[in-house]
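Summary of the model geometry
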Amino acid sequence: MSVTSPVSTTAVRATGIWKVFNEGQANEVTALQDINLTVEAGEFISLIGPSGCGKSTLLRVIADLTHPTKGSAEVAGMSAADARQQQRYGMAFQQAALFDWRTVRRNVELPLELQGWSKSARAARAMELLEMVQLADFAGHRPWELSGGMQQRVAIARSLAVDPPLLLMDEPFGALDEMTRERMQNELLRIRQETGKSVIFVTHSIPEAVYLSDRVVVMSPRPGRITDIIDVNLGSRDEDTREAEAFFAGVTAVREALRGRTGGSAARARVGEV
Amino acid sequence: MSQSVTVTKAGMDAAPGRTARSGSAGRRFKRGAASAGWALLGILLSVIMWELVKAVGSVVPFPFNTSDTTMPNVWTMVTGAFQPEMRGSSTTVLQAVIMAAGYSLMIAMGGFVVGVSVGLMLAITMQRFAFMERGLLPFVIASQTVPLIALAPLIVGIGNRFSVGPFEWSTTYSVMFIAAYLAFFPLSVGALRGLHAPTATSLELMRSYAAKPRQLLFKLRFPSSIPYLVPALKVSAASAVVGTVIAEISTGVRGGIGRLIIEYAREITGQPAKVYVAVFGAIILGLVAAALVTAFDLYLTRNLPKEGPA
Ligand SMILES: Nc1ncnc2c1ncn2[C@@H]1O[C@H](COP(=O)(O)OP(=O)(O)OP(=O)(O)O)[C@@H](O)[C@H]1O
Ligand SMILES: [Mg+2]
């Protein structure tokens, strides 16, 4: 129930995943078509692509919140179902989904409570996490007394509660303004630095994907599939990174890949070399 | 019976009442004072109307009887409340009415507790198993279309033959049963909606934590159903009181306010004020029941947003 060290060096392995909704009916949708993806331990991966291309569906298959029609997902060397049972990932959504009737601290405690942690142990752990997201002063507040960005930080703290090796994040900053968003990105990178988590991060924002990730996975819709994977080598990020040549090169490479231009791979070669 | 129809509607339409609640204690007090003021004004206007109708009725012929024997003056009612219940008896009419209302309140509360427990268990079962919801809900709704007047003698008849060991069924239990029968419905419908209230994201979150069904119920579904539960409880409490009074009348159980109204109505020619005092007693009984639920509501929702939802 304490810190889990990754058993294998592979955080996530998706093999031949298909997801077909309403199979055999008039409204059949192929949300995922033959998805193969490996995420190494400690890696930060972004999923980007137009609305409806199956990003959330892929995340939900990895989280064992829905079953793939074909293929399988492995998390931390075990089946997605086992990984969920053993709490090997933490999840954050676009809506913070905090419980109104609990204080901020008790929201962070929720996953620990479900695991049967003692009262004092989970209170201590929750305070530790709230320190990390710089919300310790708000431990006794109710979620609805917090701004959207603060609520999202609480949700991130909650997703880290059981100290899972993997974070699955579905547009967690999607509803935030640009300034808050950049601050949250830095905070997420810092947390990831401190904890060494692997992250799969769904976003609609190209700069966000490039700024955060080691690799950007580009998807296209109908049927949802991976069209390109772009390596980003920006080294350690700081405020200047957002204005660096390499950053713009990465943005261009992802944009071209999204447009379906074959130049994607040529641009990819330039990223990190400039 | 029209009662069940209104109950059905109120139960169905019961929506989360968060938006209506005001913020600080100061504002709450001001609102309380304001509504007390409006209530007093309403009472005053009713008194004026009553006396006006009587005054006009004594000169112009009305289609109904406005004489002092059927519509006594308000002042006569007030003084009538403090007269002895019967010639030579030491209790006043008011005391008798309070005693009877208290007795009815006990029965109504018993029926309310039974009805709410049954309603809650039904709602949990229906939420947990979709086939239960499909199979049971039509019966739950149909149960409220059975006319109570027909049901009451039936329950008394069945109950009177019912005894388990030292336990003997009395007609009082029949009254309580009828109160419970009316109270369970609004609650089960409201609670069912409340248990279905959690957002898809909250449910996925709990699933990602591998929460057990019992944890899902107690940590998510129950707390999110409170905004639906509270209005349902209010309707259930009112139904329990109405059910008690009506069942007392139709079964003829002694001791409660329902029977008292019938008895006093027979004496309307001798002491016209008495029956009105009893009717007011029944009204105040309903208000007390509503106040009890409101107090419970304030306790339950003390941690929820007081201004509109986020
Ligand atoms: N439960 C469902 N039933 C039927 N179709 C679904 C369901 N969930 C998703 N889909 C379909 O699968 C496709 C992919 O949906 P998904 O939510 O994964 O897209 P997305 O990439 O996350 O989009 P967005 O960027 O808008 O969040 C869409 O066409 C959607 O209509
Ligand atoms: Mg999505």
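Residues numbered from 1 in each chain as written. Chains lettered and ligands numbered in written order. Predicted model: local features only at pLDDT ≥ 70, side-chain atom pairs only at ≥ 80, totals over all residues. Heavy atoms only, no water.

- Its UniProt record gives chain B the following Subcellular location (unreviewed entry) comment, quoted word for word: "Cell membrane". (UniProt positions renumbered as here; feature names shortened; annotations may be inferred.)

Quick look at the UniProt feature "domain: ABC transmembrane type-1" (unreviewed entry) in chain B
- Feature annotation in UniProt assigns "domain: ABC transmembrane type-1" (unreviewed entry) to the following positions: residues 101-296 of chain B.
- Taken end to end, residues 101-296 of chain B comprises 83% helix and 2% strand; its first and last C-alpha atoms sit 21 Å apart. (Helix = DSSP H or I, 4+ residues; strand = E, 2+ residues; numbered from the N terminus.)

Details of the pattern of salt bridges
- Summed over the entire model, instances satisfying the criterion amount to 20 salt bridges over all chains.
- Arginine 102 of chain A is the salt-bridge partner of glutamate 113 of chain A, the closest N and O atoms lying 2.9 Å from each other. Of this pair, glutamate 113 of chain A sits in helix 3 (residues 104-114) while arginine 102 of chain A sits in the loop between strand 6 (89-92) and helix 3, and the two are 11 residues apart along the sequence. Arginine 102 of chain A carries the same exposure label as glutamate 113 of chain A, and that label is buried.
- One network of salt bridges, in which partners are shared, links Arg102, Arg106 and Glu113 of chain A together with Lys219 of chain B. (Salt bridge = Lys/Arg side-chain N within 4 Å of Asp/Glu carboxyl O. Buried < 20%, exposed > 50% of the residue type's maximum accessible area, 1.4 Å probe, protein only.)

Quick word on helix 3 of chain A
- Along helix 3 of chain A, 9 of the 11 residues are buried, which leaves the element largely enclosed by surrounding structure.
- Considered for burial, the residues of helix 3 of chain A that qualify are Val104, Asn107, Val108, Glu109, Leu110, Pro111, Leu112, Glu113 and Leu114 of chain A.
- Those residues of helix 3 of chain A that are buried are in contact with helix 4 (119-132) and helix 5 (148-159) of chain A together with helix 8 (200-208) and helix 9 (213-251) of chain B.
- Note on helix 3 of chain A: the residue one or two positions beyond its end, glycine 116 of chain A, has a positive phi of about 80°. (Contact = heavy atoms within 4.5 Å.)

Section: the site of ligand 1
All names here are of chain A.
- Contacts to ligand 1 come from 13 residues, most closely from Ser51, Lys55, Ser56, Thr57 and His204.
- In the model, an oxygen atom of ligand 1 is placed 3.2 Å from a nitrogen or oxygen of the cysteine 53 main chain.
- A distance of 2.7 Å is found between an oxygen atom of ligand 1 and a side-chain nitrogen or oxygen belonging to histidine 204.
- Computed on the free molecule, ligand 1 has an accessible area of 630 Å², of which 64% lies beneath the protein chains in the complex.
- At the level of secondary structure, the elements contributing two or more residues to the shell around ligand 1 comprise strand 2 (29-40) and helix 1 (55-62).
- Per-element accounting of the shell around ligand 1 gives the leading share, 3 residues, to helix 1. (Near = heavy atom within 4 Å. Polar contact = N/O pair within 3.5 Å; in protein donor to acceptor, adjacent residues only side chain to side chain. Areas by Shrake-Rupley, 256 points an atom, 1.4 Å probe, with all protein chains shown as cover.)

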